[in-house]
Amino acid sequence: MLDTEIELYKMRCIVLNCLRAGLNLHRLILLLAFSATLITLLNSYYSSYQVQKQQLIDNTLNNHEAYAAKLVSATDNFLLAAQQQLAYVAKILEADFTNQTLINAEAERLRLQTNSFNSTIIVNKFGDILGVSPLSLNLQNRKVDSYGTKAALSYRVPMISEPYISMAGNLLIFMSQPLFNSNNEFIGYVGGTLYLKRASILNELLQVHYHQDGSYLYVVDENNRLLYHPDKERIGEQVFDNQVINAVLKGKVGKQQVINSQGVAMLAGYAPMTMAPWGVVTQRPLESTLAPLDSLMWQVFIKTAPIGILTFVLIWVLAKLIAQPLRKLAETANTLDEPTTSVALKHIRSWYYESDELRKAMLKGIGLLESKIGLLRHEAHTDPLTGLHNRRSLNMQLSQLMAQQRSFAVLAIDIDHFKRVNDEFGHDIGDVVLQSLAKILLDVTRDSDIVARTGGEEFIVILPNVHPKRAYQLAERLRIRISKSIIEPVGNINVSIGIAGWPLEQLSLDDVMKLADQALYLAKRTGRNRCVVDTIYDQQDTSLFEATELE
């Protein structure tokens, strides 16, 4: 099969394979439509979920931030009121600090009047407990012996202590107010306790805000110790590596999503207190916050499912209608190489623009298919730079000559010192030289001769029905014509030519070409710008060749 016919066959196969793919086009369209719709629905559902989720998280964080600030305000007000109660009692005691009856009465009244304190105590400057309430603590006439009560003696200023274990064994916070006589001399203090693990007004104040949905709050002091927590077992525990606690103890007000010390994701708001170096944190589990959203989104899915199903059915019907003309075009493509294909294509009803344009393109393609054969043949057998035959075309022409038992001479031509041309003038000028040489070869040779470029600066001229002497004469004519030609800007160039031919007994085409190359190399080695005839070819009997004169 000729090369052009092979290329034509390949082209037909490509067209057939492309058009046969149209048999599955309606399924692809349907699949794409379903996929696009499904992706759109899922994306809308997911986007809605994410928006609602973020809104819930943001609202919860904002609420807890405001919540923490509100609790701080309430707790600060409570501590301020408690401190004012202590200051009021201190003024009464400073006027008559030697009156034991007054001391006992004020200690009892301070504890019972507002329930601000779990216990009260009145101490002189020597650390002697003068008054206590309730009496069941059995601290009357004893020396103070706990952190808070001893700190009050040392600091002699209104204070709120750190949590500590009292003389009675309770975890508490101690608030105190110093007493001074008329000479402004320190004479003692009055104080009250707030139990942390037992019922107190502070616990009652904070427990009001405890919820069953997992929300809770806690209070932490400057030493990262929990002063209040719904889980009483954790009160007094120190918590580190908690971003929220670190922030609130630095005096910051804010909100944050955080993993708590128990490994649970929480949405927290926090605010610092002003009356004491404490921080209040309110938080809610992220899971509890999002639980209503999951239920809501499930309801949305149930309500939108019928519309989604109806949409898919409509897409399926429309996809079938759209794909029908394409399916028929694809089926017709199976008979592309039959004469009736064009008629069948014309009778296909392409009811929308795209399929009609495809049908027209197929009709045009069938018409253009044959016109491409000539172009394909030309491109397959022509050197793109010079327009001469290429090696593929040359081998085909030589095979035909040998098959016809026609003798021929081979001129192997090579430009002398062509590398200098490329180096001095550049490859673009080198291409001009090659093109000029090709024109000279075509001018000098006959129409029946075959002129080919086989690579680089190498050319082959085939002279049918020419014996060795005449081949040499033509080669000399070519060499002289080339050497006298001016090619701007290079000037003159020279060529070396090796000559061989066929028939040569028991020699193949490859052998003949090798003999021509060997003669060319001999011309190069012996000085260039000359023609050399292969010795074996030169000894051939000229009677073997047809007597054909060169024009």
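Our structure's up above, just so we're on the same page.
Residues numbered from 1 in each chain as written. Predicted model: local features only at pLDDT ≥ 70, side-chain atom pairs only at ≥ 80, totals over all residues. Heavy atoms only, no water.

K.L.:
I would appreciate a short explanation of the overall build of the protein chain in the present structure.
P.N.:
Within the protein chain, the secondary structure is distributed over 15 helices and 16 strands. Looking at the protein chain alone, contacts between residues at least 24 apart form 61% of all its contacts between residues at least 6 apart. (Helix = DSSP H or I, 4+ residues; strand = E, 2+ residues; numbered from the N terminus. Contact = heavy atoms within 4.5 Å.)

K.L.:
Would you take a moment to explain the pairing of strand β10 (residues 265-272) for this structure?
P.N.:
Two faces, one strand: in a regular strand the side chains alternate between the faces of the sheet. Buried residues dominate β10, accounting for seven of its eight residues. Connecting strand β9 (residues 254-259) to the antiparallel partner β10 that follows it, the hairpin turn spans five residues, and G263 within it adopts a positive phi of roughly 80 degrees. The pairing of β10 with strand β11 (residues 279-285) spans seven bridges and is classified as antiparallel. Bridge pairing in β11 links Y270 to V281. What sits between the antiparallel neighbours β10 and β11 is a turn of six residues. (Buried < 20%, exposed > 50% of the residue type's maximum accessible area, 1.4 Å probe, protein only. Pairing = 2+ DSSP bridges.)

K.L.:
Teacher, can you tell me more about the nonpolar core here?
P.N.:
The nonpolar side chains of soluble globular proteins are, as a tendency, buried together. Counting 39 residues, the largest nonpolar core has L79, L93, F97, M175, V190 and W278 as its most contacted members. The leading source of residues in this core is helix α2 (residues 25-95), at 11 residues. Ignoring any residue separated from it by four or fewer positions in sequence, one finds L79 in contact with I160, M175, L194, M273, M275, A276 and W278. If you look at the next biggest cluster of nonpolar residues, it comprises 33 residues, including V421, V433, L441 and V461. (Core = buried A, V, L, I, M, F, W, Y, C linked by side-chain atoms within 4.5 Å.)

K.L.:
Any chance you could explain the packing of helix α12 (residues 427-444) against helix α13 (residues 468-484) here in plain terms?
P.N.:
Packed helices, taken two at a time, are described by the angle between their axes plus the distance between the axes. The contact between α12 and α13 brings their axes to 10 Å, and the two run at 140 degrees. Taken together, the axes of α12 and α13 are oblique relative to one another. Helix-helix and strand crossings are classified by hand; for α12 and α13 the assignment is right-handed. Taking contact as the criterion, the partners of L437, I440, L441, D443 and V444 in α12 are, on α13, L474, R477, L478, R481 and I482. (Axes fitted to C-alpha atoms, helices over the stretch in contact; angles between N-to-C directions. Parallel < 35°, antiparallel > 145°, perpendicular 65-115°, else oblique. Left-handed = near helix turned anticlockwise from the far one by under 90°.)

K.L.:
Help me understand the environment of P285 in this model?
P.N.:
Residue placement: P285 occurs in strand β11. A residue is classified by how much of its surface remains accessible, and P285, at 13% relative accessible area, is buried. Between the C-alpha atoms of P285 and N260, which are 25 residues apart in sequence, the distance is 9.6 Å. Once residues lying within four places of it in the same chain are set aside, the contact partners of P285 are D213, G214, S215, A265 and M266.

K.L.:
When you look at the sheet that holds strand β7 (residues 216-220) in this model, what are you seeing that I'm missing?
P.N.:
Think of a sheet as strands paired side by side through backbone hydrogen bonds, with each pair either parallel or antiparallel. Strand order in the open sheet formed by five strands is β8-β7-β11-β10-β9, with antiparallel pairing between adjacent strands. Both outer strands of the open sheet, β8 (226-228) and β9, are each paired with one neighbouring strand and no more. When strand polarity is set aside, the average angle formed by the axes of neighbouring strands in this sheet is 35 degrees.

K.L.:
Can you help me understand the sheet that holds strand β14 (residues 458-464) in this one?
P.N.:
Ordered in space as β13-β14-β12-β15-β16, the five strands form an open sheet in which the pairing is mixed. Of all the strands in the sheet, just β13 (450-455) and β16 (531-533) have a single pairing partner and so form its edges. In this sheet, adjacent strand axes meet at a mean angle of 20 degrees when their direction is disregarded. Against the sheet, α12 engages β12 (408-415), β13, β14 and β15 (495-502), with an angle of about 10 degrees to β14.

K.L.:
Help me understand the packing of aromatic side chains in this model?
P.N.:
How two aromatic rings sit relative to each other is given by the distance of their centres and the angle of their planes. One pass over the full model with this rule turns up five aromatic pairs. Ring centres of Y147 and Y164 lie 5.9 Å apart, and the angle between their planes is 65 degrees; on these two criteria the pair is classed as edge-to-face. With a gap of 17 residues between them, Y147 in helix α4 (residues 147-155) and Y164 in strand β4 (residues 164-165) connect regions that are remote in the sequence. Look at Y164 and you get buried, because its relative accessible area is 7%. A centroid spacing of 6.4 Å and a plane angle of 35 degrees characterise the contact between Y216 and Y218, whose relative ring orientation is tilted. (Phe/Tyr/Trp six-rings, centres within 6.5 Å; stacked < 30°, edge-to-face > 60°.)

K.L.:
I'm lost on helix α11 (residues 418-425) in this one. Help?
P.N.:
Since one α-helical turn is 3.6 residues long, residues separated by three or four positions face the same way. Those residues of α11 that sit buried are F418, V421 and N422. The buried residues of α11 occupy an angular sector of 95 degrees when projected down its axis, which confines them to one face. Of the residues in α11, the exposed ones pointing more than 90 degrees away from the buried face are K419, R420, D423 and E424. Backbone geometry just downstream of α11 places G426 in the positive-phi region, at approximately 95 degrees. (Arc of directions from axis to C-beta.)

K.L.:
I would appreciate a short explanation of the pattern of salt bridges in the present structure.
P.N.:
Opposite charge on two side chains makes pairing possible when the charged atoms of those side chains draw close. Enumeration over the complete set of coordinates arrives at 13 salt bridges. D128 is the partner of K143 in a salt bridge, and the nearest nitrogen-oxygen pair spans 3.0 Å. You can see K143 sitting in the loop between β2 (129-133) and α4 and its partner D128 sitting in the loop between β1 (119-124) and β2, a full 15 residues away along the chain. Residues R225 and D221 are paired through a salt bridge, measuring 3.6 Å at the closest nitrogen-oxygen approach. (Salt bridge = Lys/Arg side-chain N within 4 Å of Asp/Glu carboxyl O.)

K.L.:
Whenever I open this one, the packing of α11 against α12 confuses me. Can you help?
P.N.:
Between α11 and α12, the shortest axis-to-axis distance is 7 Å and the interhelical angle comes to 140 degrees. Our classification of the angle between α11 and α12 gives oblique. Contacts between α11 and α12 pair F418, V421, N422 and F425 from the former with H427, I429, G430, V433 and L434 from the latter.

K.L.:
Can you help me understand a nonpolar patch on the surface in this one?
P.N.:
A cluster of nonpolar residues, I309, V313, L314, W316, V317, L318, L321, I322 and W351, forms a patch on the protein surface that exposes about 840 Å² of accessible area. Its place among the elements puts I322 in helix α7 (residues 286-332). (Patch = residues over 30% accessible without salt bridge, like charges linked within 9 Å, V, L, I, M, F, W, Y side chains within 5 Å. Areas by Shrake-Rupley, 256 points an atom, 1.4 Å probe, with all protein chains shown as cover.)

K.L.:
Sorry, what's going on with the pairing of strand β6 (residues 186-195) here?
P.N.:
Counting buried positions over the 10 residues of β6 gives 10, a clear majority of the element. Across six bridges, β1 lies against β6 in antiparallel orientation. Among the inter-strand pairings, N124 is bridged to a residue of β6, identified as G188. When strand β5 (residues 171-180) meets β6, the two strands line up antiparallel, connected through nine bridges. Paired with F174 across the bridge in β6 is T193. Hairpin connection of β5 to β6: five residues between the antiparallel strands, including N184 at a positive phi of 65 degrees.

Shape is all these values report; function is a separate question.
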